[in-house]
Amino acid sequence: MSYPISRRMLLGAALAAALGVSVLILPVLAQQMDHSMPMPAAAARKSTGTLPIRAMNATVVAVPPIIRETSVFGTLMNTGKTPIVISGVRSTVAGHGMLMVMEKAAGGMQGMSTAKTLTIPAGGKLVLSDTGDHLMLMKLRRPLKVGETLTLTLSAADGRTFVLKATVRKPGAP
Ligand SMILES: [Cu+2]
């Protein structure tokens, strides 16, 4: 059985497209699989070091046991010379953590929404509060006790982390 010419050309084009795609993909796969190859610049910058952060008044807001999520406030100082881009927060007491920003919605109302990153400017600070940027711990695995210190891990896009010790406090308490 012979296909009409248009059909053959279509098949040929499909084959060429498939080949073209594989030619593009293969080097990428080879780089990912062969660890002896020189790493691309972006991956080479990956680090496991500690972020140059100083934390002040780190607070996990105390919530009734029935509430399964809470906020984290405080001030994060960047003691380094380059901006710190925080891309995640986690803690063993929570199923997952989120980065939050306050935004003005269309009606002028303020609402919080998730953010992929929060940035601490070089030599500057990021204030985490109930009216601005903050962190949230979701799916809490156990009730939190007022006065206990929780360990949170902040991570940056470049792979560095910072262990944040935060005290559980009632809202408004110093
Ligand atoms: Cu929130």
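As a reminder, the structure under discussion sits directly above these lines.
Rules used throughout
- Residues numbered from 1 in each chain as written.
- Predicted model: local features only at pLDDT ≥ 70, side-chain atom pairs only at ≥ 80, totals over all residues.
- Heavy atoms only, no water.
- Helix = DSSP H or I, 4+ residues; strand = E, 2+ residues; numbered from the N terminus.
- Buried < 20%, exposed > 50% of the residue type's maximum accessible area, 1.4 Å probe, protein only.
- Contact = heavy atoms within 4.5 Å.
- Areas by Shrake-Rupley, 256 points an atom, 1.4 Å probe, with all protein chains shown as cover.
- Donors = N, O, S within 2.8 Å, 3.2 Å for Na, K, Ca; no water.
- Pairing = 2+ DSSP bridges.

A short note on the overall build of the protein chain
Assigned secondary structure in the protein chain consists of two helices and 10 strands. In the protein chain, which comprises 174 residues, the share counted as buried stands at 29%. Contacts in the protein chain between residues far apart in sequence, at least 24 positions, make up 64% of those at least 6 positions apart. Put simply, the protein chain shows about 11200 Å² of open surface, and 64% of that area lies on carbon and sulfur atoms.

Observations regarding the coordination of the copper ion
Taken together, the protein ligands of the copper ion are Met112 (SD), His134 (NE2) and Met136 (SD), with distances of 2.1 to 2.2 Å. Sequence positions of the donors to the copper ion reduce to the motif M-x21-H-x1-M. A residue is classified by how much of its surface remains accessible, and Met136, at 4% relative accessible area, is buried.

Regarding the pairing of strand 8 (residues 134-140)
Among the seven residues that make up strand 8, six are buried, leaving the element largely enclosed by the rest of the structure. Of the strand pairs in this sheet, strand 2 (residues 70-78) and strand 8 are connected by three bridges, and their pairing is antiparallel. For Ser71, the partnering residue across the bridge sits in strand 8 and is Met136. As paired elements, strand 4 (residues 94-104) and strand 8 share six bridges and run antiparallel to each other. By the bridge assignment, Met98 is partnered in strand 8 with Met136.

Considerations on unusual backbone geometry
With a phi close to 55 degrees, Asn57 is a non-glycine residue in the positive phi region. Secondary-structure assignment places Asn57 in strand 1 (residues 53-61). Here the phi dihedral of Lys139 falls at roughly 50 degrees; this positive angle occurs in a residue that is not glycine. Here Lys139 shows up in strand 8. Its relative accessible area of 54% is what places Lys139 among the exposed residues.

Coordinates in, geometry out; function isn't part of it.
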